[in-house]
Structure formats: C-alpha cells, structure tokens
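# A closer look at the structure
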Amino acid sequence: MLQPRIPSICTQCRFLLSSVRRTYATTIEPTPRSTTATQDAVVYTPTSAPIRKATGFEMRTYKPRTPGVRHLRRPINDHLWKGKPLDRLTFAKIGHGKGGRNNSGRVVMRHRGGGHRRRIRTVDYVRAAPGKHIVERIEYDPNRSAHLALIESVKTKEKSYIIAAEGMRAGDTVESFLSGVTRELIASMGGVVDPGMLAAKTAFRGNCLPMHMVPLGTQIYNVGSTAGKGAVFCRSAGTYATVLSKEETGSETKKKVKVVLVRLQSGEVRKVDKDACATIGVSSNPNWRFRQLGKAGRSRWLNIRPTVRGLAMNASDHPHGGGRGKSKGNVHPVSIWGTPAKGGFKTRAKRNPNKYVVKERPRNQGKRKRDN
C-alpha cells in the first residue's frame, strides 16, 4: 500500500514534536498492598499497546499506469481455473439475442449489444443424479455473477456444472439426496431415521436436499419452487435464503411436511414445495457487488450499451424530452413507454394475489433508501 509523503521538518520543530510524542505504557512492578487499603480498591496497569485487528475484505487494485485502471476494483479469486471450460458442456451464444431482441427481431431489452463473444455453460439446476460427486475445479462464468463448479460422479464418471457454494474448492465431495436417503446412511444411524442425526450427516455445504430435509434456520441457495424442477431463487453471487418454518399435517404420530416457508434475500417470505430442491450454503463470489469497472469500455466488453436520460432526448423520443433547458414539462416520472416510474405502480390485479407469497418484500415506494 502506498504511504503518503510527509514533508521534511526542521530541527526545532522536530524537537517540539518529540516532546509531545505519544508513549506506550510499560510493565510496572506491582507494589505491595498496604493493610489500610480498602477491599474495593483495584489497581490496573496496562501491559502493552492495544492490537489493531484487520477486519473486512480486500479487493484487488492496480497501479494507475493508465486512467482506465486507476479506479478498477476486482474481487480476489486466485482459486479459479485458468484454462478453458469443458467444451461438451458449452455452446456458442450467437444470433440477435445478444442485442436484446426476441424471436421476431424486436428490442425487448434495451441497452444490450456488442460485447466479447461468449459460450453458454449448461448448468445443472435440478441435481437429480444421486451418489457422491467430486469437485474437479471452480471456474469463472462470463454469463453470471456466481462461479461454477465442475463435478464428476464417482460411480458413472459423468461431469456437469453446478453453481459453486462460497468456500467450495477443488477436491471437495458433494452429494444429492433428492432421490431419497441411501441404505448405507440409514444403516449408519442404526436402521432408524432420526431427524437430528440425518441433518448432521447430510446438511453440508454444496449438498442438494429436498426442502423437508433442510434444518430450520439453515442458509440455502439454488432454491426451487416446485418438485421435479430446477432452482429458480437465489442463484446470483452472494445470495441465500433462510428456512423459517415447516407446515405439517396429520396426527401426532404421523406428521408429514406439507409446505416449507423460506425468507428470500429481498425479505419476502414465500411458500415452496416440500420436495423442491435446495443447496446448503451461500452462493459463491459474495464480493462481486463491490467491484468497480473503472472505465466505460469495460461495460461495452460486457455487452452493456450506454443509458441515455429521457431529459436529454427530444420530445418525440421520450415523455421527458424537449423543452428549453432542463425541463420535463411538468410530467411525473415515467418510462419511455409512459408507465409511472415511481410510487410503486403495480400491474397485478387485487383480486389475483400470489398465493405462494406469505409476506411481501418491503417496497421503497419511490423514496430514497435509508441505511439503518
């Protein structure tokens, strides 16, 4: 780390500074306690200076040899694979989909186009293959914020990509229990399925479990909503959900889990199927949100085109455009299509609520967020 340069000090000023320089406490020999001292008197002698502990996280910075790297900040991920991805699990991203077009050629996603060529990685979101898998390596994926893990089945030797958990490294062993608990695991518990012992043997980082097997309070990612389908929630970098409760039905002797309640990253509490998939842990690369691209050209490499304010457009291009000076013509903030942009404009009918949402996420209602 570069230290700030201190200007030279004259001899007289140095003498004055040395007289007021801070000194640290040293060890003092304890004096014998007199018999007249009270019982409540306490003598405290500091033995050394306080130790400052390094906290937080580090980002990779660069010496500003060019203006484009002066503000460049990147997460430190030295454990990533330096080579190319597995070719048979990828396919090229081609066509006008890179420009934000749909199958009829219309722009459905603005500010997309250009960028470096990519290959789409085929990710296994279902994790239906049973048995143990060995993590071969952790790879970077340009199509998502999280990292990928290339795993190989011990029994069938088949390879697949999964979203890596934070802390997962090459050589780790992961397993999926969506098809059920193995006989060897039941035999290790004495032939009886004990919920506490089952959680202690299965709820490890990177393992895929059905929702009814996940212990309460566990952090999970790659969460599915229905049985037999892949994960739909908490798939980006650093995201996770928390298992809150399980709704049970039946008598006292034969209770069965009906649905499971999870709290998502946004604060929304949602019902999911008891047989939906979930992976134990937190999604990898949590420091991705602190990155700084450093220059506009890096956004173009990432297939991101510039965003123009509506106030700077003409009246024929945007409702806020036109006029003399910075004036949007006494129009409430709207999008380019005229939809209200602030105030929590909702499109779902009140008589058609989402039956799977138990508690909605806190909405900002167009106001500036406050840090609590």
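Up top you'll find the structure we're talking about.
Residues numbered from 1 in each chain as written. Predicted model: local features only at pLDDT ≥ 70, side-chain atom pairs only at ≥ 80, totals over all residues. Heavy atoms only, no water.

Before going further, it helps to examine the environment of K256. Mapped onto the elements of the fold, K256 is located in strand β14 (residues 255–263). As for K256 and K246, which are separated by 10 residues in sequence, their C-alpha atoms are 9.6 Å apart. (Helix = DSSP H or I, 4+ residues; strand = E, 2+ residues; numbered from the N terminus.)

Quick look at unusual backbone geometry now. Residues apart from glycine generally show negative phi values, whereas peptide bonds are mostly found in trans. You will see that H111, though not glycine, has its phi angle at about 65°, which is positive. Under the relative-accessibility criterion, H111 is labelled partly exposed at 25%. The phi angle at R127 is positive, at roughly 55°, despite the residue not being glycine. The topology assignment puts R127 in the loop between β4 (119–121) and β5 (131–139). (Buried < 20%, exposed > 50% of the residue type's maximum accessible area, 1.4 Å probe, protein only.)

Our next topic: helix α3 (residues 195–202). The set of residues buried in α3 consists of L198, A199 and T202. Mapping the buried residues of α3 onto a view down its axis gives an arc of 100°, with all of them on the same face. Where α3 is buried, its residues meet α2 (183–188) and β9 (208–210). (Arc of directions from axis to C-beta. Contact = heavy atoms within 4.5 Å.)

Our focus in this paragraph is the packing of aromatic side chains. Applying the stated criterion to the full structure yields one aromatic pair. Geometrically, the ring pair formed by F57 and F290 is tilted, given 4.7 Å between the ring centres and 35° between the ring planes. Of the two residues, F57 sits in the loop between α1 (11–19) and β1 (59–60) while F290 sits in the loop between β16 (277–280) and α4 (296–301), which places them 233 residues apart along the sequence. Judged by its relative accessible area of 31%, F290 is partly exposed. Taking the ring centre of W81 as reference, the NZ or CZ of R137 above it sits at 4.4 Å. Taking NZ or CZ as reference, R235 lies 4.2 Å from the ring centre of Y125, over its face. (Phe/Tyr/Trp six-rings, centres within 6.5 Å; stacked < 30°, edge-to-face > 60°. Lys NZ or Arg CZ within 6 Å of the ring centre and 35° of its normal.)

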